[in-house]
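Take a look at the letters that make up each chain.
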Amino acid sequence: MQTVTFTRVQAETSRRPRALSLIAARSSPLFNIPAELVLDILESAIIESGPTLLASVSKSIRAFIELIIYRNVVLHTPYSTLLFCRTIAEKPAAFAANHVKRLAITWNPDQCHASPHLGNALRLCTGLRSLSVPSCLRPVDISFFKHTASHDGPSEITIQCYDINESQAIAPFVNISRTISHLRICEPSDGWYSPATILASFGLLPDLTHLQLPRRTNANEDNDAIFVEDVESILQTRPLLKMLVISIFVQEPASIADSNIWTLLLPLRMRDPRLTLLVGKYDEWTEGLGEFPAFRRSITYDFWSMAKHRESDVLVEEGNSTTSMDES
């Protein structure tokens, strides 16, 4: 997934190079080629010249620059979030809907409570295809986002830690999207939420094909049993589901193979190849959300392919460990 960090476009103080002035003065051959190629060319140019200088060439170039900058927005700090909200508020209502396709908020939600300004901006991003947030509630309550008659809502949702308010409805996030296909709950929460509870909060999820859920080792064993029962039910009742990743977060000093949750899940993994077991890594959910230009449009980060590859290493390692113990 290609990402672009939102930054404020500063007023350009230096004089525009003559070559750029000549492009602006007459019709450029640039616009005689397909738009996708124009975007590729301008992405490379942004690396060299920055967006401000290029946007000053012409209105047509500026339109392309805005497509690049706002197509994939990553908000790493409260300040960049403030600038984004301000820009969206100043633009025509259709701007956010037409431009912002992927939005990721990666900064620590403990720095403030839910931001109403960010909630208002999120409401306008009705063309979102992908949404990544650290929490369901902070720095924005994702229930602010509603699908519309003309937009189904994001098909991919990534949440670092799942949480809800006790006062919220049974399915507080049911209106976010009609077509969620990829749902990632990446890290364990402070509280206990069963897989069934988490899925129910998003509604029926008829189009769900990829799901990630977290679990700690050495946690409450009764909850381990409930967790595994829910996982088995999900696999049995969702024939369209192609992949279910369980990220197991190991609490030292025990190894994953010694944990109760691994012992319960491994037989299920052997029966159903759709189930993938991983050693969980904190902050891994931000992989692929790097600073521009580290991740351009042509470069993608596929968590699901990575998970399958990493699982094979885990199974081999734990299999070797078991064999060594048997031999001794």
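Source: prediction; values computed, not measured.

Cut-offs and rules
- Residues numbered from 1 in each chain as written.
- Predicted model: local features only at pLDDT ≥ 70, side-chain atom pairs only at ≥ 80, totals over all residues.
- Heavy atoms only, no water.
- Helix = DSSP H or I, 4+ residues; strand = E, 2+ residues; numbered from the N terminus.
- Expected span 1.5 Å × (residues − 1).
- Buried < 20%, exposed > 50% of the residue type's maximum accessible area, 1.4 Å probe, protein only.
- Arc of directions from axis to C-beta.
- 1 Å grid on protein atoms, 1.4 Å probe; cavity = no way out; pocket = protein on both sides within 12 Å on 5 of 7 lines; lining within 4 Å.
- Points joined across faces, edges and corners; volume = space filled by probe spheres on them.
- Nonpolar A, V, L, I, M, F, W, Y, C, P; charged D, E, K, R; others polar.
- Core = buried A, V, L, I, M, F, W, Y, C linked by side-chain atoms within 4.5 Å.
- Contact = heavy atoms within 4.5 Å.
- pLDDT = per-residue confidence, 0-100.
- Lys, Arg positive; Asp, Glu negative; His and termini not counted.
- Salt bridge = Lys/Arg side-chain N within 4 Å of Asp/Glu carboxyl O.
- Patch = residues over 30% accessible without salt bridge, like charges linked within 9 Å, V, L, I, M, F, W, Y side chains within 5 Å.
- Areas by Shrake-Rupley, 256 points an atom, 1.4 Å probe, with all protein chains shown as cover.
- Phe/Tyr/Trp six-rings, centres within 6.5 Å; stacked < 30°, edge-to-face > 60°.
- Lys NZ or Arg CZ within 6 Å of the ring centre and 35° of its normal.
- Disulfide = S-S within 2.5 Å.

**Concerning helix 9 (residues 221-237)**
Okay, step 1: Over its 17 residues, helix 9 extends 24 Å from the first C-alpha to the last, a length consistent with the 24 Å expected when each residue adds 1.5 Å.
Okay, step 2: Taken together, the buried positions of helix 9 are occupied by N223, D224, F227, V228, D230, V231, I234 and L235. Buried residues along helix 9 cover an arc of 160° about the axis, so they all sit on one side. Counted as exposed and oriented over 90 degrees from the buried face of helix 9: D222, E229, Q236 and T237.

**Quick look at empty space enclosed by the protein**
Okay, step 1: Evaluation of the coordinates by the stated rule reveals 2 cavities of 30 Å³ or more.
Okay, step 2: Taken together, R184, C186, E187, Q212, S247, F249, G280, K281, E284 and W285 make up the lining of the second largest cavity.
Okay, step 3: Those elements that place two or more of their residues in the lining of the second largest cavity are strand 6 (182-187) and strand 8 (243-249).
Okay, step 4: Among the elements that line the lining of the second largest cavity, the one with the most residues is strand 6, at 3 residues.
Okay, step 5: A per-class count over the lining of the second largest cavity returns 3 nonpolar, 3 polar and 4 charged.

**Section: the nonpolar core**
Okay, step 1: Of all hydrophobic cores here, the largest spans 67 residues; its most connected members are L183, F202, L244 and I246.
Okay, step 2: For this core, the element with the highest residue contribution is helix 4 (residues 59-71), accounting for 6 residues.
Okay, step 3: Beyond its immediate sequence surroundings of up to four residues, L183 is in contact with I157, L199, F202, L205, L208, H210, L211, Q212 and W304.
Okay, step 4: Within the second largest apolar cluster, 7 residues are counted, among which are M243, L278, W304 and M306.

**What to know about the confidence of the model for the chain**
Okay, step 1: Chain-level statistics for the chain give a pLDDT mean of 81 and a share of 79% at 70 or above.
Okay, step 2: Ranking the elements of the chain by mean pLDDT puts helix 1 (residues 18-25) last, at 44, and helix 9 first, at 98.
Okay, step 3: Note that pLDDT drops below 50 for residues 6-14; the model gives that stretch 15 contacts with residues more than four away or on any other chain.
Okay, step 4: Low pLDDT (under 50) marks residues 16-26, which in the prediction has 11 contacts with non-local residues, meaning those over four places away or in another chain.

**Comments concerning the side chain of E187**
Okay, step 1: Secondary-structure assignment places E187 in strand 6.
Okay, step 2: No salt bridge is formed by the buried E187; its nearest oppositely charged neighbour, R216, is found at 7.9 Å.

**A closer look at a nonpolar patch on the surface**
Okay, step 1: A contiguous nonpolar patch, built from I33, L37 and I41 and spanning about 230 Å² of accessible area, is present on the exposed surface.
Okay, step 2: Note that L37 resides in helix 2 (residues 35-49).

**Points about the packing of aromatic side chains**
Okay, step 1: Applying the stated criterion to the full structure yields 6 aromatic pairs.
Okay, step 2: Centre to centre, the rings of Y162 and F173 are 6.4 Å apart; their planes meet at 90°, and the pair counts as edge-to-face. A residue pair is termed long-range when its members are at least 10 positions apart, and Y162 in the loop between strand 5 (156-161) and strand 6 and F173 in the loop between strand 5 and strand 6 qualify at 11 residues.
Okay, step 3: In this structure F173 comes out as buried when scored by relative accessible area, which is 0%.
Okay, step 4: Taking 5.3 Å as the distance between ring centres and 40° as the angle between the ring planes, the aromatic pair formed by F173 and F202 counts as tilted. Note that F173 is positioned in the loop between strand 5 and strand 6 and F202 in the loop between helix 8 (195-200) and strand 7 (210-216), a separation of 29 residues in sequence. Across this residue pair, the class does not change: F173 and F202 are buried.
Okay, step 5: Linked through ring pairs, Y162, F173, Y193 and F202 together constitute an aromatic cluster.
Okay, step 6: Of note, K91 hangs over the ring of F95, and the distance from its end group to the ring centre comes to 4.8 Å.
Okay, step 7: It is R184 that lies over the ring of F303; its NZ or CZ is 3.7 Å from the centre.

**Description of the state of the cysteines**
Okay, step 1: Evaluated as defined, the whole model comprises 0 disulfides.
Okay, step 2: In this model C161 remains outside any disulfide bridge; the closest cysteine sulfur is found in C186, 8.4 Å from its own.
Okay, step 3: Assessed through its relative accessible area of 4%, C186 is described here as buried.

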